[in-house]
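Secondary and tertiary structure notes
Now for the letters of each chain:
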Amino acid sequence: MILRHVTVDSAEPYEIARFWSEVTGWPLGEGDVPGDDEVLVDAPDPVPGLLFIRVPEAKAVKNRVHIDWQPDERTRDEEVDRLIGLGAKLFEDHRTPEGRGWVTMHDPEGNEFCVEGR
């Protein structure tokens, strides 16, 4: 078995996929347009893509699964600042004075994700 996509329920698939496309630098799926009920953020092989699917209900509780990201071109702290500029919100700060730790954030629809150090 090969992990193909990580699928996320969404109120506005195109808008949240655009956010994640900006975050990752990965393109949207070919032909995906505003108003689509399913929108893909197409990752480079062998990384699974992020698939956002419209659902009628709002997010109500903490995600059971979330993604941990590790920056490859910036420090963790630079990446956190960049993500806030793109519309993410800082949720829990687990950074330590000696530079270790991670930051838990919310994307614009409230989905949790973490940014770790290198």
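First, a word on scope: everything that follows refers to the structure included in this document. (Residues numbered from 1 in each chain as written. Predicted model: local features only at pLDDT ≥ 70, side-chain atom pairs only at ≥ 80, totals over all residues. Heavy atoms only, no water.)

1. A word on the pairing of strand S3 (residues 49–54)
What counts here: By the convention used here, strands pair only if DSSP detects at least 2 bridges between them. By definition, any uninterrupted DSSP run of H or I lasting at least four residues is a helix, any uninterrupted run of E lasting at least two residues is a strand, and each is numbered from the N terminus.
With 6 bridges joining them, strand S1 (residues 5–10) and S3 adopt parallel strand pairing. Bridged to Thr 7 within S3 is Leu 51.

2. Points about the nonpolar core
Using the following cut-off: Buried Ala, Val, Leu, Ile, Met, Phe, Trp, Tyr and Cys residues that are joined via side-chain atoms within 4.5 Å together make up what is termed a nonpolar core. Each residue gets one of three labels from its accessible area relative to the maximum for its type: buried under 20%, exposed over 50%, partly exposed in between, using a 1.4 Å probe on protein chains only. Here a residue-residue contact requires only that any non-hydrogen atoms of the pair lie within 4.5 Å.
If you look at the biggest cluster of nonpolar residues, it comprises 20 residues, and the most contacted ones within it are Trp 20, Val 41, Phe 52, Leu 83, Met 105 and Phe 113. Setting aside residues up to four positions removed in sequence, Val 41 forms contacts with Ala 17, Trp 20, Ser 21, Thr 24, Trp 26, Pro 27, Leu 28, Gly 49, Leu 50 and Phe 52.

3. Let's talk about the side chain of Asn 63
Here is the rule we go by: Between N or O atoms, a polar contact is any pair within 3.5 Å; within protein, one atom must be a potential hydrogen donor and the other a potential acceptor, and residues adjacent in sequence are included only when both atoms are from side chains.
Tracing the sequence through the fold places Asn 63 in the loop between S3 and strand S4 (67–69). Side-chain polar atoms of Asn 63 contact the side chain of Lys 59, separated by 3.3 Å. Asn 63 has contacts with Asn 111 and Glu 112, leaving out every residue within four places of it along the chain.

4. Considering the layout of surface pockets
To be explicit about the condition: Detection works on a 1 Å grid of protein atoms alone, calling trapped sets that fit a 1.4 Å probe cavities and calling open sets with protein on both sides within 12 Å along at least five of seven lines pockets, with lining residues defined by an atom within 4 Å of a point. Grid points are joined across faces, edges and corners, and a volume is the space filled by probe spheres set on the points. In the scheme used here, Gly and all other residues not listed as nonpolar or charged are polar, with Ala, Val, Leu, Ile, Met, Phe, Trp, Tyr, Cys and Pro taken as nonpolar and Asp, Glu, Lys and Arg as charged.
For the largest pocket, the calculated volume is near 560 Å³. Forming the boundary of the largest pocket are 25 residues, of which Val 8, Asp 9, Lys 59, Asn 63 and Asn 111 lie nearest the centre. Secondary structure elements with two or more residues in the lining of the largest pocket: S1, S3, S4 and strand S7 (112–116). At 5 residues, S1 tops the list of elements feeding residues into the lining of the largest pocket. The class makeup of the residues in the lining of the largest pocket is 14 nonpolar, 5 polar and 6 charged. Taken as a whole, the second largest pocket encloses approximately 310 Å³ of empty space. If you go around the second largest pocket, you meet 13 residues; those closest to its centre are Val 23, Thr 24, Gln 70, Pro 71 and Asp 72. Secondary structure elements with two or more residues in the lining of the second largest pocket: helix H1 (13–24) and helix H2 (76–86). The greatest single-element share of the lining of the second largest pocket, amounting to 3 residues, is contributed by H2. Residues belonging to the lining of the second largest pocket are distributed by class as follows: 6 nonpolar, 2 polar and 5 charged.

Limitation: the analysis is restricted to geometry and does not speak to function.
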